[in-house]
Structure formats: C-alpha cells, structure tokens
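# Chains, contacts and geometry: an overview
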Amino acid sequence: MELVLLILVPLAFAILIALRPAQESKFHAVIGTLLAAGIGVNALGRFDWGSPASMQLAAAWDWLPAIGLRLSVGVDSVSMMLIALTLLLGPICVFCSFTAIQRQERTYYSWLLVLQAAMTGVFASRDIVMFYTCFEFTLVPMYVLISLFGSTNRKAAATKFFLYTFTGSVITLAGLIYIAWFNATQLESVGIETAGRWTFDIGALELAAQAMPANVQGWLLLAMMCGFAIKIPLFPVHTWLPLAHTEAPTAGSVVLAGVLLKLGTYGMFRFVLPFLPAAVVEHAPLIATLSIIGILYGGLICWVQTDVKKLVAYSSVAHLGFCILGLASLNTIGITGSILYMINHGLSTGALFLLIGMVYERYHTRSMKELGGLAAKMPVWATFMIFFTMASVGLPGLNGFISEFMCLLGAFQAGDAWGALPGGTGGDLGFWYALVAGLGMIIAAMYLLYMVGRVVWGPLVLPPGHDDHGHGDHSHGPLPTDLCEREIFVLLPLAILCLVLGLFPGPVIKALEPPVNNIVETIEAAGRRPASPGGAHAMATSERETAVADATAAGGDK
Amino acid sequence: MSEKLPLLIPEIIVFLTTCIVMVVGLSPNLAVRRSCGLLSAIGLVFAAIFAVNGPAGDGLLPAMTPYAKALIALVGVLLVLLVAGTVDREEDARVARGGVFDALRTNRAEFYSFILFSLTGAMLCASATDLIWLFLALELTSLPTYVLVTMSTRGTRSQEAGVKYFFLGALGAAVFLYGFALIYGGTGSTKFVDISAAIADHGMNPITLAGMILAIIGVSFKIAAVPMHFYTADVYQGAAAPVTAFLAFVPKTAGFLSLILLLAIVGWDHGSVIAAGHALPSELRLLLWVVAALTMTVGNVLALLQSSPKRMLAYSSIAHSGYMLVGLIAGPGAYGASISHNGIAAVLFYLAAYGLMNVGAFAALAGLERRGRDGRPVEIDSFDDLRGLCATHPMLGWTLVVCSLSLLGLPPLLGFFSKLTLFTSGIAAGEIVLVIVLGINSAVAAFYYLRLAGVAMLEDATDGPQPGLAPFPARAISGLIALVLVVSLSFFGNGLLNASRNAAVVEGSGVRAPGHTPQQPGQHADEHKDASDPAKDASTSVAQRVGA
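Every value quoted in this text rests on a predicted model; they were computed, and no experiment measured them.

## Brief notes about the overall build of chain A
- Helix and strand counts for chain A come out as 20 helices and two strands.
- Taking the contacts inside chain A whose residues are at least 6 apart along the sequence as the reference set, 77% of them involve residues at least 24 apart.

## Things to note about the overall build of chain B
- Secondary structure summary: chain B contains 23 helices and three strands in total.
- Long-range pairs, those at least 24 residues apart, make up 77% of the contacts in chain B between residues at least 6 apart in sequence.

## Brief notes about the pairing of strand β1 (residues 368-371) of chain B
Residue and element names in this part refer to chain B.
- One ladder, built from two bridges, connects β1 with strand β3 (residues 468-469); its direction is antiparallel. For L368, the partnering residue across the bridge sits in β3 and is L469.
- The antiparallel pairing of β1 with strand β2 (residues 377-379) creates a hairpin that spans five residues between the two strands, and G375 there sits at a positive phi of about 85°.

## Re helix α18 (residues 414-428) of chain B
Residue and element names in this part refer to chain B.
- Between the first and last C-alpha of α18 there are 21 Å, a value that for 15 residues agrees with the 21 Å anticipated at 1.5 Å per step.
- With respect to burial, α18 is a largely interior element, 15 of its 15 residues being buried.
- Following α18 by one or two positions, G430 has its phi on the positive side, about 85°.

## A look at unusual backbone geometry
- P233 of chain A follows I232 of chain A through a cis peptide bond whose omega is -5°.
- Position of P233 of chain A relative to the elements: it lies in the loop between α9 (214-231) and α10 (240-247).
- In this model, V226 of chain B is joined to P227 of chain B through a cis peptide bond whose omega is 5°.
- Locating P227 of chain B in the fold gives a position in the loop between α9 (206-223) and α10 (232-238).
- Residue A224 of chain B is not a glycine yet carries a positive backbone phi of 60°.

## A closer look at the pairing of strand β2 (residues 69-75) of chain A
Residues and elements named next belong to chain A.
- With respect to burial, β2 is a largely interior element, five of its seven residues being buried.
- As paired strands, strand β1 (residues 56-64) and β2 are joined by six bridges and run antiparallel to one another. Its bridge partner being in β2, A59 is matched across the sheet by V73.
- Following β1, the chain reverses through four residues before pairing antiparallel with β2; G68 in that reversal takes a positive phi of roughly 80°.

## Let's talk about the confidence of the model for chain B
- Residues of chain B with pLDDT of at least 70 account for 90%, and the chain-wide mean is 85.
- The ipTM assigned to the predicted complex is 0.82, against a pTM of 0.87.

## Section: the packing of helix α13 (residues 309-330) of chain B against α18 of chain B
All names here are of chain B.
- As a packed pair, α13 and α18 sit with axes 9 Å apart at the nearest point and diverge in direction by 35°. Handedness of the crossing formed by α13 with α18: left-handed. Residue-level contacts link Y323, V326, G327 and A330 of α13 to K419, L422, S425, G426 and A428 of α18.
- A class-by-class count of the residues in the contact of α13 with α18 yields five nonpolar, three polar and one charged.

## Some points on the environment of P213 of chain A
- Topologically, P213 of chain A is positioned in the loop between α8 (202-210) and α9.
- The spacing of P213 of chain A and L139 of chain A is 74 residues in sequence and 34 Å in space, taken between C-alpha atoms.

## Observations regarding the packing of helix α1 (residues 2-19) of chain A against helix α2 (residues 25-46) of chain A
Residue and element names in this part refer to chain A.
- Packing of α1 against α2 brings their axes to within 9 Å, and their N-to-C directions diverge by 180°. On the basis of their axis angle, the class for α1 and α2 is roughly antiparallel. Contact with α1, carried on its side by E2, L3, L5, L6, V9, P10, F13, L16 and I17, involves S25, H28, A29, I31, G32, L35, A36, I39, G40, N42, A43 and R46 of α2 and no other residues of that element.
- Among the residues making up the contact of α1 with α2, the classes are represented as 14 nonpolar, five polar and two charged.

## Looking at the confidence of the model for chain A
Residue and element names in this part refer to chain A.
- A residue-level look at chain A finds 88% of positions with pLDDT of 70 or above and a mean pLDDT of 83.
- Note on residues 469-474: pLDDT under 50 across the span, and five contacts to partners over four residues away in sequence or across chains.
- Confidence drops under a pLDDT of 50 for residues 530-558, and excluding neighbours within four residues, the segment shows 34 contacts in the predicted structure.

## Details of the sheet that holds β3 of chain B
- An order of β2-β1-β3 (chain B) is seen for the three strands of this open sheet, with the pairing classed as antiparallel. Each edge of the open sheet carries a strand with a single partner, namely β2 and β3 of chain B.

## Let's talk about the environment of D381 of chain B
Residues and elements named next belong to chain B.
- Looking at where D381 falls in the secondary structure, it is placed in the loop between β2 and α15 (383-386).
- Along the backbone, D381 and S478 are 97 residues apart, and their C-alpha atoms lie at a distance of 20 Å.
- Those residues in contact with D381 that lie beyond four places of it in its chain are S308 and K310.

## Description of the environment of F349 of chain B
Residue and element names in this part refer to chain B.
- Relative to the assigned elements, F349 resides in helix α14 (residues 343-366).
- Here F349 falls in the buried class, since 34 other C-beta atoms lie within 10 Å of it.
- Apart from residues lying up to four places away in sequence, F349 is in contact with S418, T421, L496, L497 and S500.

Procedures and definitions
- Residues numbered from 1 in each chain as written.
- Chains lettered and ligands numbered in written order.
- Predicted model: local features only at pLDDT ≥ 70, side-chain atom pairs only at ≥ 80, totals over all residues.
- Helix = DSSP H or I, 4+ residues; strand = E, 2+ residues; numbered from the N terminus.
- Contact = placed C-beta atoms within 7 Å.
- Pairing = 2+ DSSP bridges.
- Expected span 1.5 Å × (residues − 1).
- Buried ≥ 20, exposed ≤ 12 C-beta atoms within 10 Å, placed from the backbone.
- pLDDT = per-residue confidence, 0-100.
- Axes fitted to C-alpha atoms, helices over the stretch in contact; angles between N-to-C directions.
- Left-handed = near helix turned anticlockwise from the far one by under 90°.
- Nonpolar A, V, L, I, M, F, W, Y, C, P; charged D, E, K, R; others polar.
- Parallel < 35°, antiparallel > 145°, perpendicular 65-115°, else oblique.

Okay, structure coming up:
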C-alpha cells in the first residue's frame, strides 16, 4: 500500500493546491512532499533488506483487463533507492522555490507534485503500460514547468524537450508491445505461466523476451534504446538536454538532473538488460563506445562554456556516460556502480543546480564572465559549491568517486585483457574502454575546477549594477547576500548524504548487488563468453548456446 | 422484409423523432421551438437503448450492428447538444424584439431534422447487408450534411464550403457507386453474403477487384483519407464549429462501418506470407497500406502548418482516419475474439474514443465567440482567441486541454488506449512497419496538439477584447459530458473494450477458413489456441529451441 500512497498523496495534494488560494500553495506543497517522504521512510523500514532482489510491497489491481492491463506496483532494492532519491528531492525542490517563484504559485507547486507522483510511479510500476504511462506523464509537468517558469528561450526548450522524448518513447512502446504480442501468441508451449494471453506484467514479459531469437532482440534493443537513450541522454541524441536545463527553473533542473535522467538508465536496467540479454551482449561495445564519446565530448564542451548552468548541464551528459558504461560492462561491479552513480549524480548535480539557482536569484546572471571571486561575498555558498564540485569531480571520500571507479572497473574487467585473473568477468570491453573513459575523469576535473576557480576564487567580479561592497544591494529582494537558513537547510541533507555515501558505501552496494546479480546471471546464461572455462551457466542449454553462436557468427560476418 | 423490422427499430425511432422535430421546430412559441434539441436528444437516447437491447444484425458482422448504432446515437446526443444555437439566432432575437414570427424564415426544424437524418443514415450503414442498401445509407448520411454546412453560418464561406463539399461528395459517391456496380458485375449479386460466397468459391476476379478498389477509394471520401481528403480543411473551416464536429464524426463513422463491411465481404483470410494467411488480398492490403501511411502523414504534416485551430483539427481528423486504417488492414485477427489481436475491434473502439475527444475539443471552440466588426457574434478562429482559456473559462479550457492531450495519445488518457489497441492489432497482424509509421506520426501529432493544449493552459490571455462564452449552455454541457467520459473511460473503460471486442466478430469469413469455427461473441482468445496456424507453429518451435 505504501507505494500506492506514494503516488496518490502527491497527486491529492496537487489537486488540493490547485483548488486552494495561492497563498496556501507553499504550505500544502511542503506538507504534501514531507508526508510523501514520511511514507517513504516507512516504506524503507518495511522493505526487507535481507532479500533485496525480490519484489516487495507489491500490490495490484485490474485496470483494463480486456487488454491485459493491471495497475501493479512492487519494488526491489534498486527501485526503492531511486524512489527514496525522488522523495528526498521532492521537499528540496519545494523549499528552493520559495523566493524564486513569485507568480502562478498554484500552477507551479501542483505540477511539481504531479511530477513527483509520476516519477515515483515509474520506479514502482510492475506493469509495462503503467511504467510507460508514468514515464510519459513526466513530460507534461516538466513541459509546464519549463515553459511557464523558465528563462528567455523557454518555449522552444520545452517544446524540444517534449517532442524529443515523446518521439523516442513511442518507438520504445512499439518494442514493448511487440514483446507482449510475442508472449501472447508465440510462446504457448515453453512453460512460461503467463504465455498465451495478453499481459504487460514486467516479470512475465522478461521471460518471454529472453526466449526471443537474438536477431529479434537486436531490433528490440534498437527500439527500446530510441526512448531510453534520448532520456538519458546518450551521445548523439543529447541535444535537448542543455537547452532544457538552461531554460528550466532551478527546481526543474534539479528534478531533471536528479531523477528524470535516471528514468532512462533505470529503463535500461529494468528492461534492456534483463529483457534482451543476447542482444545486449552483442551490442555492448557499441553502447559503451557511444557512452565514451558522450563522456569525452560532453566534457570538452563543458570546458568552453561560459554559462555555469550550461556547463553543469553538459557535465550531466558526461556523467551519465559513465553510468551507461557501467551498465554496458554487464558485470556485477559495473552495473552496481552504475546504479550507485544514478543516486550520487542525483545528489551532487542536483545540489550544483541548486547552488547556481541561488546565485542566479541574487545576481540574475549565470555567465562566468560576470561572476567571480564569490567566496569573498558568499563564504557559505562557496563552501557548499566547492564541496559539491568535489563530489561531482570524484574526489575520494565523497560519493562520486566510488561509483565512478566502479563503473570504470567494471568496464576494465569486462574484457579479455583481464582474462582469468580474479575479478575478470569476460566480455567485449576491456582495458582501452576503461582507459579512454578514464580520460573523461581528468577532463571533468579540469572543467569543474576551472569553473570553481573562476566563480569562487579569483578577483571579485559582479554583474554591472551590483554594489561591489555587498551592502545596500536592493536587487537581492528578500535574500541576504550569503545563503539564508532555508537555503542551507536545503543543501545540508544533500551534503550529508554525499559524505555518508562516500565514506560508507558498503551497505548500499550490498543491497544493490542481489538484483544486479540476477541480471548478470541472465546475461551470462544468454551467452557472454565466460571468464574461465566451464564458468557458471545456470540456465544455459546446448541449444541456446548453438543459437547464440549462430547469431554471433552472423553478427561477425557483418 | 418484415423480419428486418425489429433490426431497424433504432432507425425508426430516430426517424419518428425527425418527424416530430420537423413540426415542433415551426411552432410560433419560442420555448417549444427551443425544445427541438432536447427532443432529438431524447429520441437518440431511446434509439441507443433499443439498439443495445435489440437483435444482432444479419450481415457479416452481426454483433457490430447494435454496437455501432448505439455508438452513433450516443455520440449523436452530444452532437445534438453541441449544435444548440447554431441556426436561428438572429431570427429569435428579432422575434424577441417584437417582430412577427415567420415560419418561413426559421431554420431550426430543418436543421435538427437534417442532423437526425444524417445520424439515421449512419446507423443504417451499420445494418447494411446489401450494396444498394449501403449506397443509400451512405448517401442518406452525406446529403443532409451538405445542407448543414451551408446553413450553419450566414457567411459566404459556409456557402462556398457547402458547394465544395457537395461536388466533391458527389464525385466520391460516383466513384464508389461505380465500384459497387463492378462488384455486382464481377460476382452477380448485390447481397454481401452472396458476394462473399462467390469470392470464396471462385476467387477474386479482376472486375471484382477493380470494383473493390474503386469502392474503397470512393468511401475514402467519407473518412477523409488521401487521395479524397482535399475538401476537408476548407469545409471544416467554413462550417460552424458544432457542425464541423458533426462532420468529423458522423460521415467518418459511416465510412468506416462501410469499409469494414466491404472488407468483410472479401475477408481477412487470404493466403499470404503476412500474418500466416490472415490478411487481405495482397492488392487490397497494398492499397490500404499506402492510403493509411499517406493519410496519417499528410494529415499530420499539414496540421503542423495551420494557424487556425479548426483547420488544424480538420487535418488531424485526416490523420486519425489514417490511424484507424491500420486496424482495417490488421483485420479481425486469427484469434477472433481478443481485442488486442482484433483490428476491427480496435477501429470500433477508436471511433468511440475519437467521437468523444472530438466533441470535447470542438465544444471548447463552439463554446466561445467574439464580437465581429459589425457587432454580430462570430466564431473564434485563431489560436490567439484560445490563449489563457484555462484561466478565463476553466471548464472549457480544461476540456480542450484534456481532449487534445487525449487526441495526442498521452497515457493514461482514453486516446492512448485506443492507439494501443491499434498498435497491438497491427503488430499481431505482422504490420510492423506500418505500426512504426503510426508511432512516428503520433509523435508528429504531439507537436500541434501540444500547441493547442499549451495555448489554453500556459499562455496569458492577450490584451484587448476577450472572447466571451457563447450564450448556449448546452454546448458547454456537451463538452463537459465528453470530458467526464474521456477521463472516466480512461480508468473504467473495460466495458467499452469488451463491447467493441464482442462487436467485431466476423461471421462469414471465419467459416470458410479450414480449421476455423465461427467465433462467438464473448469467447476468449485462449479457447482458440488450437486453431491451425502454420506460422505460429513455426515461431513456437523457434521459441522452444531458444528458450527451452
């Protein structure tokens, strides 16, 4: 029931906000998000961390049984943690908007809560159509938030965002329906319980999709990646992201970076990897290559940015590249690292957007040419800025490091070079992939430190019209020169989590591993070359190996 | 003939209502005259009740008849509410100012009776068992609409639209009548059952095929499919918004019902590599494939370019016809009963969903008006007039937003599920490429529907005189009912899905296929697993091999 409440409570409060006068909006939004967070804490407590791979807190109702639709929820540890991230960012987004949003507050807060409900729904759903419904429904609130509350070019950004993601996910839907059709009509005698009738249950379709021939899986991989790659965003289809980020209001950017991008990687984790193991094994090098191009290209673009927000936006392209690289390494350490990276990126990049938003509220500029040496004027802000930049760069001891390292290690171990050495898992990536991607870490350090060096340290530069001595400045409105308590209160939980996850990532990794192991087993069974002769092939049969070998040979001929 | 009468009770009820309305509309008493709309609505509700409880038809799709009649009658109720106040406004005002009532100058009686005639025609299409019947029913649907368009506003644009509509409609009728004649020439009968048997026994001869192609192209006029779509934008724009809503639903529904019946004559059981022999003859499939792909693409691309919401909705209605053609190509499927496999059921469901969303979207346009230069009320016809609608007129605004998002196919709204069933049936029939075209087109459609929703929801109202509410609450009520139905069917639409599944059972063609038994309404797909199906066996063995 918790999961359903987590979706319904924000929706109910969204309606309440829309119906009540605007003065009460903030209050109801705070209550709504905090209540959802409270339910979330309760759900975390009820979740059995002893068996994190099983689907817990499940509940299901018939929706439209004539076409096999159910409203079905359930979470494993991966979903649970991403839901926790969503619920944490909920109140933060509300608190950070108190002074930034001065008009149409009802619209703003109610759509923000709808957005939260939709994102929770994505992570909680166990039915493909429900997943898709929530996945698509995140677009409407985000579209409204960007096009009503964004900066100058907001209309174009919002439209581009909506159309880009909508187009991709329609193709994804076609792929998912194809699997449902395959399950309903083609699978009667394989012994899968749900075969032969229309269902959109994720667990059932997972088995059905795995039974598909490798070439069909390849096409489905293409179809699914159409939607997920755009959402992530993967290198050639990332162009909507910087625009959307720069134009979005602060809370919009936080949600976008913190959770919305994770819908794509979560989709890859939940659908692409376990559904299409044979195709994933075949195409992992391609996906990894694209992600590495994203890492390097995103990083290099960051280097030449003068707009701070755009810089952080492009850094998301680079960071999410690591995430995909970890997924594409197809071994436990890489995938676990990738999931951990989703959470860490949400915390640190979300915080960076908050910090940039706070400066923007004071000086109405994001240009590095007009900002400099802010440490002199805003020491508290500068402290947080440096802290979260370090977390984002991957300083050991903070959260970014461990997950980035795990992704790289995963890629490194997924290759022949490691061979039968301990930890080697076999696969088609390897040393060079890890090395080139590793360059991305250096580039990340360069652009982020360069940005910090200019904006935080250096000679004090303020945009024209602002008093250099920090007093009697009217354009700040109600805000003090440095951060107020509310802003510190917003940043503090993120900072604490960054530190805790950096120092003690063990329990989280331990909780994430069992579901990841299940997927890795599936992939190994689907025919990845084993690391050592006679490696575990839990589900493999000789037929399957023959089929996959045929497919590999066919792929090799191309 | 008398055995047909119970089948025609709904049409007879509507016809009797027409007769009453024709007299009542001429009453010198304004209140009595105004009751025309209400009387028509009551008549249609009764027709729907009798249709649902009445006997199944006796044609190739017996269960489709009651479903289609009830659908037409119920959406007809909303349309009748929507057209309130379209005619006679100035006449009523003149009489109210103390003028003498002149029965010759009032149009209300004709207007409502033409609407009811057209609805009767569409209902008759559903029960057609004969080519001549079908032709007459289609013409009964269309002829009143030519007049409706012309008399809907007092402007010259309506007259131009009416003339255009009439001439092109006559062209369309000539084409499909020629097609019907050739089908008769090729098979020796005008009865569907006999034609079907003749095709089954002797195959499609070239004359029958040519007749079928001409018939399909001719009927394409009614559904506004490429290449017979050219009239759409001008006619839809020229007519008053409520009449446009009528045009977008009633002739389209009649056209799709006719196409379903025509294709059911041929059957979807022709040997072909696609979908294991469950397909149309390859020539017809190719024709419909091209028409479907072109229709949705042309409709969507042209809708993108429009600056008038009515023209935009006109082109988008072309696109929706294209989507529905996918269901026709897919056919009732190998398993007969499950809606996920049944393209015909998907089309019937889509028609219901489209009818509701369409009424909702047009109700927002029809519910507003602004003062023209001469002080007369004129319709709104630009996106600027819709700006900030959610703030100024929340109910109309949200009706427009929800209905356009639903037309866009955004889950979890009704429009998404109607597209979903088209997707599943298309994939089940092996039309993967067409389904991808459909998907991409849905994304293109997102652009302009989003613009429509965004203008109403997000923009601030323009300075200067705002459009006001049209003084006809029935229009807003009709939109509100449509809104409530769209939202509630999104979550509780299972009954409608089941009804459309049961309605789309093809009798004739299933009998002839070896190893097939005619499917009874209500039977579930699972019960027919053992139907012989070579491709299924083949792919099952693949699945067995891979997944064992």
